[in-house]
Amino acid sequence: MKRVYNFNAGPAALPKEVLKRAQQQLLDYENTGMSLMELSHRSKEYDKVHTKATTLLKELLQIPDNYEILFMQGGASLQFSAIPMNFLAKGKQGNYSLTGSWSEKALKEAQKLGETHIASSTKETAYAGIPSHLELSDNPAYLHITSNNTIFGTQWRDFPSLSPDVPLIADMSSDILSRPLHIEDFSIIYAGAQKNLGPSGVTVVIIKKEVLAECPENIPTMLNYQTFAKNKSLYNTPPTFSIYMLSLVLEWVAEQGGVAAIEEINKKKAGLLYNTIDQSDGFYIGHAENDARSNMNVTFNLSTKELTTAFLAQAKEEGFVGLGGHRMVGGCRASIYNAVPLESCEALAEFMDVFRSNNR
Ligand SMILES: Cc1ncc(COP(=O)(O)O)c(C=O)c1O
């Protein structure tokens, strides 16, 4: 069996060890005589998995006790609606920092539900940067940011520091668990699992207990964060297999030495690719401004469309998968989430050098 170099943007590479573990347990989960997918979500075996995922996430990200960890569905996209439904009160404005298509989509949902304000935007520079300053509205309900911009390949290095009465909400779908965080700086963090946490199907929400009190009662039950907080995310049937896979991925992260150790490897991986771009005499052109470069999604172009097409075709032949840029922007993108091994990045850097030599 041959596994490819997987640079998919999401769903994305999973650690091989995790897949093997899941394979071993697939037909008979811990002597139950059935797969985990066939177990009741109310069973003691599943409860252990659910608790393990919560406990490991709390440990790995050092989440304080005054936060709840919720497992929701509907992807990060449903959070775009849930946030304004729960926290955009009348007379207040949902503030958004626009750094790419995902933050635009988050804003669009809020606009349907209440007053909004664009606190900063880097749209004018084709989302190549991260805003250097913010202008909040008069009565902000919250500030929403996208910590890593999967499509354009930019990432917030330092997060905005706001006055304590303005909640900071972050969509961390494409960089959660890739670096240590100071959780207390955020009121809400959410992330679809399919990049750094596991397969798609579960959305992790880390929410300050204090803000939960603001969730109104007159919104749909399944969009109310209180429903999940009060019922340990078991009000209805959770995506049990996705949460099980999440627990295995979290175990793997702990085995790698935790989030700080993972960050070091991530920096090394990204450094390899950015160096290749920077030392290519303009053959490869990085999209993101240097100080905004993402350690998760490396975006670049070649000088002509024809060269880009040839590069992607040859890369595919040599076993590099998922290097085409997002359908909205084209070009190339290497998504190098936690589970992409250093060796895949080394192989890609080498391929890029050889392709350059042959096509100069
Ligand atoms: C930063 C970011 N936010 C939101 C989404 C949407 O996630 P989902 O497909 O889980 O709704 C994505 C998907 O790639 C993303 O990268």
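These numbers come from a predicted model, not from an experiment.

K.L.:
Hey, could you run me through the nonpolar core in this one?
P.N.:
Across soluble globular proteins, nonpolar side chains have a tendency to be buried as a group. L61, L177 and I206 are the most contacted members of the largest nonpolar core, which totals 48 residues. The residues contacting L177, other than those within four sequence positions of it, are L57, L60, L61, N196, L197, L250, V253, V259, I262 and N338. Residues L88, F152, I207 and L223 belong to the second largest nonpolar core, which totals 30 residues.

K.L.:
So what exactly am I meant to see when it comes to the sheet that holds strand β14 (residues 332-335) here?
P.N.:
Pairing between the strands of a sheet comes from backbone hydrogen bonds, and it takes one of two forms, parallel or antiparallel. A sheet is described by the order of its strands in space; here three strands give the open sequence β11-β12-β14, paired in antiparallel fashion. Of all strands in the sheet, those with a lone pairing partner are β11 (284-286) and β14, marking the two edges. Pairwise comparison of adjacent strand axes, ignoring direction, gives a mean angle of 35 degrees for this sheet. The pairing of β11 with strand β12 (residues 297-302) spans three bridges and is antiparallel. Bridge pairing links Y284 to L302 in β12.

K.L.:
What's the story with the pattern of salt bridges in this structure? I'm lost.
P.N.:
A complete count under the given rule lists ten salt bridges for this structure. For K232, the salt bridge is made with D47, and the minimal N-O distance between the two is 2.9 Å. Separated by 185 residues along the polypeptide, K232 in the loop between α6 (225-230) and α7 (240-255) and D47 in helix α2 (residues 44-60) bring together distant segments of the chain. Overall, D47 belongs to the partly exposed group, its relative accessible area being 33%. Put simply, R21, K52 and E251 are held in one network by salt bridges that share partners.

K.L.:
Hey, could you run me through the site of the ligand in this one?
P.N.:
Residues in close proximity to the ligand total 13 residues, the closest being S77, T150, D171, Q194 and K195. At 3.3 Å from an oxygen atom of the ligand is found a side-chain nitrogen or oxygen belonging to W102. Looking at which element gives the most residues to the shell around the ligand, the answer is helix α3 (residues 75-87), with four residues. When its residues are assigned to classes, the shell around the ligand shows three nonpolar, eight polar and two charged.

K.L.:
Would you mind going over the side chain of S178 with me for this structure?
P.N.:
Position of S178 relative to the elements: it lies in the loop between β8 (168-171) and β9 (188-192). In this structure S178 comes out as buried when scored by relative accessible area, which is 3%. The residues touching S178, leaving out its near neighbours within four places in the chain, are Q155, N196, V259, I262, E263, N266, M296 and N338.

K.L.:
Would you mind showing me how to read helix α4 (residues 101-111) here?
P.N.:
Turn by turn, an α-helix covers 3.6 residues, leaving residues three or four places apart pointing in a common direction. All buried positions along α4 are accounted for by S101, S103, A106, L107, E109 and A110. For α4, the secondary structure elements touched by its buried residues are α3, β3 (93-98), β4 (115-121) and β5 (140-146).

K.L.:
Quick question: what am I supposed to make of the domain arrangement of the protein here?
P.N.:
In many reports, interface size means the accessible area that the parts give up when they come together. Domain annotation for the protein reports domain 1 (16-255) and domain 2 (258-359). Summed over both sides, the interface between domain 1 and domain 2 buries roughly 2200 Å², with carbon and sulfur atoms accounting for 57% of that surface. The tally of links between domain 1 and domain 2 comes to zero salt bridges. On the surface where domain 1 and domain 2 come into contact, there are 14 residue pairs in polar contact (both at pLDDT 80 or more). Within the residue set of the side of domain 1 that touches domain 2, elements represented by two or more residues are β6 (148-149), β7 (154-155) and α7.

K.L.:
Looking at this structure, I do not really get the packing of α3 against α4. What am I missing?
P.N.:
Any two packed helices are characterised by the angle at which their axes cross and by the distance between the axes. α4 packs onto α3 with a crossing angle of 40 degrees between their chain directions and a minimal axis gap of 8 Å. On the basis of their axis angle, the class for α3 and α4 is oblique. In the crossing of α3 with α4, the sense of the turn from one axis to the other is right-handed. Between α3 and α4, the residues in contact are F80, S81 and P84 and W102, K105, A106, E109 and A110, respectively. Of the residues in the contact of α3 with α4, the class split is five nonpolar, one polar and two charged.

What counts, and at which threshold
- Residues numbered from 1 in each chain as written.
- Predicted model: local features only at pLDDT ≥ 70, side-chain atom pairs only at ≥ 80, totals over all residues.
- Heavy atoms only, no water.
- Core = buried A, V, L, I, M, F, W, Y, C linked by side-chain atoms within 4.5 Å.
- Buried < 20%, exposed > 50% of the residue type's maximum accessible area, 1.4 Å probe, protein only.
- Contact = heavy atoms within 4.5 Å.
- Pairing = 2+ DSSP bridges.
- Helix = DSSP H or I, 4+ residues; strand = E, 2+ residues; numbered from the N terminus.
- Axes fitted to C-alpha atoms, helices over the stretch in contact; angles between N-to-C directions.
- Salt bridge = Lys/Arg side-chain N within 4 Å of Asp/Glu carboxyl O.
- Near = heavy atom within 4 Å.
- Polar contact = N/O pair within 3.5 Å; in protein donor to acceptor, adjacent residues only side chain to side chain.
- Nonpolar A, V, L, I, M, F, W, Y, C, P; charged D, E, K, R; others polar.
- Domains from an automatic or database assignment.
- Buried area = accessible area lost by both parts, 1.4 Å probe.
- Parallel < 35°, antiparallel > 145°, perpendicular 65-115°, else oblique.
- Left-handed = near helix turned anticlockwise from the far one by under 90°.

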